[in-house]
Amino acid sequence: TGNSRRRFPGEGAMIDFSPRRWLLIPTMGVALLLTLLPLPEWATELRPPWVALTLLYWILAAPERVGVFWGWVMGLLLDVSIGTVLGQHALSLAVMAWIMVSLQQRLGLYPPFQQALAVWLLLLAERLVSLWVMGALGQPTPGLPYWLSTLMGLLIWPWIPLLTRGGRRGYGMG
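On a predicted model such as this, the values are computed, not experimentally measured, just so you know.

Looking now at the pattern of salt bridges. If you walk through the whole model with that rule in mind, you get one salt bridge. Between glutamate 64 and arginine 65 there is a salt bridge whose closest N-O contact spans 4.0 Å.

What follows covers the nonpolar core. If you look at the biggest cluster of nonpolar residues, it comprises 32 residues, and the most contacted ones within it are Leu55, Leu56, Trp58, Met96 and Trp157. Contributing elements (two or more residues each) for this core: helix 1 (24-36), helix 2 (50-61), helix 3 (68-82), helix 4 (88-107) and helix 5 (112-136). Tallying contributions element by element places helix 2 first for this core, with 10 residues.

With respect to the helices and strands, the residue tyrosine 57 is situated in helix 2. In this structure tyrosine 57 comes out as buried when scored by relative accessible area, which is 6%. Between the alpha carbons of tyrosine 57 and isoleucine 160 there is a distance of 7.7 Å; along the sequence they are 103 residues apart.

When the terminal C-alpha atoms of helix 4 are compared, their 26 Å separation across 20 residues agrees well with the 28 Å that a helix rising 1.5 Å per residue should span. A bend of about 40 degrees at valine 101 is the largest found in helix 4. Those residues of helix 4 hidden inside the fold are in contact with helix 2, helix 3 and helix 5.

So, about helix 5. Compared with the 36 Å implied by 1.5 Å per residue over 25 residues, the 35 Å span of helix 5 between its first and last C-alpha is a close match. Two residues or fewer past helix 5, glycine 138 is found with a positive phi of approximately 80 degrees.

All right, on to the packing of aromatic side chains then. For any pair of aromatic rings, the description consists of the separation of the ring centres together with the inter-plane angle of the planes. Applying the stated criterion across every chain, the model contains three aromatic pairs. Ring plane angle 70 degrees and centroid distance 5.2 Å describe the contact between tyrosine 57 and tryptophan 58, whose orientation is recorded as edge-to-face. Ring centres 5.7 Å apart and planes at 85 degrees place the aromatic pair phenylalanine 113 and tryptophan 159 in the edge-to-face group. Here the residue phenylalanine 113 occupies a position in helix 5, and tryptophan 159 occupies one in helix 7 (residues 159-170), the gap between them amounting to 46 residues. Residue tryptophan 159 is classed as partly exposed on the basis of its relative accessible area of 46%.

Let us now look at the packing of helix 1 against helix 3. Axes are the key here: two packed helices are described by the angle between their axes and the distance separating the axes. Interhelical geometry of helix 1 versus helix 3 gives an angle of 35 degrees and a closest axis separation of 11 Å. As for how helix 1 packs across helix 3, the hand of that crossing is right-handed. The segment helix 1 lies against helix 3, with Leu24, Ile25, Met28, Leu32, Thr35 and Leu36 engaging Trp70, Met74, Leu77, Leu78, Ser81 and Ile82. In terms of residue class, the contact of helix 1 with helix 3 is made up of 10 nonpolar, two polar and no charged.

Remark: helix 2 packs on helix 5, axes separated minimally by 11 Å, with the N-to-C direction vectors making an angle of 125 degrees. By the angle class used here, helix 2 and helix 5 are oblique. Handedness of the helix 2/helix 5 crossing: right-handed. Of helix 5, the residues touching helix 2 (which contributes Ala52, Leu53, Leu56 and Leu60) are Gln115, Val119, Leu122 and Leu123.

Cut-offs and rules
Residues numbered from 1 in each chain as written. Predicted model: local features only at pLDDT ≥ 70, side-chain atom pairs only at ≥ 80, totals over all residues. Heavy atoms only, no water. Salt bridge = Lys/Arg side-chain N within 4 Å of Asp/Glu carboxyl O. Core = buried A, V, L, I, M, F, W, Y, C linked by side-chain atoms within 4.5 Å. Buried < 20%, exposed > 50% of the residue type's maximum accessible area, 1.4 Å probe, protein only. Helix = DSSP H or I, 4+ residues; strand = E, 2+ residues; numbered from the N terminus. Expected span 1.5 Å × (residues − 1). Bend = angle between axes of the 7 residues up to and from the residue. Contact = heavy atoms within 4.5 Å. Phe/Tyr/Trp six-rings, centres within 6.5 Å; stacked < 30°, edge-to-face > 60°. Axes fitted to C-alpha atoms, helices over the stretch in contact; angles between N-to-C directions. Left-handed = near helix turned anticlockwise from the far one by under 90°. Nonpolar A, V, L, I, M, F, W, Y, C, P; charged D, E, K, R; others polar. Parallel < 35°, antiparallel > 145°, perpendicular 65-115°, else oblique.

The values reported here are purely geometric and, on their own, carry no functional implication.
What follows is the structure, given as structure tokens:
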């Protein structure tokens, strides 16, 4: 057949194999790679939280496809990739995603420059949950540089929706 929907034997539901369904997977992969990219010593604390920003973007852009589950999965991948305690980022990203899902309809009404403040607060909440996990495990409390990445996220956020709008439209997503 000429369409992109197929039925598997024994399944009543149809699965959509169109390219627009899979656009978010490469973007999440790129965010993970940007997080793992080596930086000079002075710039490591300034690294934007790429995975968190990408997750927040997709919750706003495609809330029917991305939510708390994606936060949990991306957090587990992040934990495994950077060697933190398994579940630390999974919990913090899932909590952040849950808050964003509940705010998605309201935040979607504002332009990206106004969304940036809410995104910054969500990034701070993600850091607080992660800090709580570190404290529960008896790890030392990080200093002020621990919070600098959230400021980078605040500065970068307005540009993410503006730069990705063309790609989403090309795949019929908005």
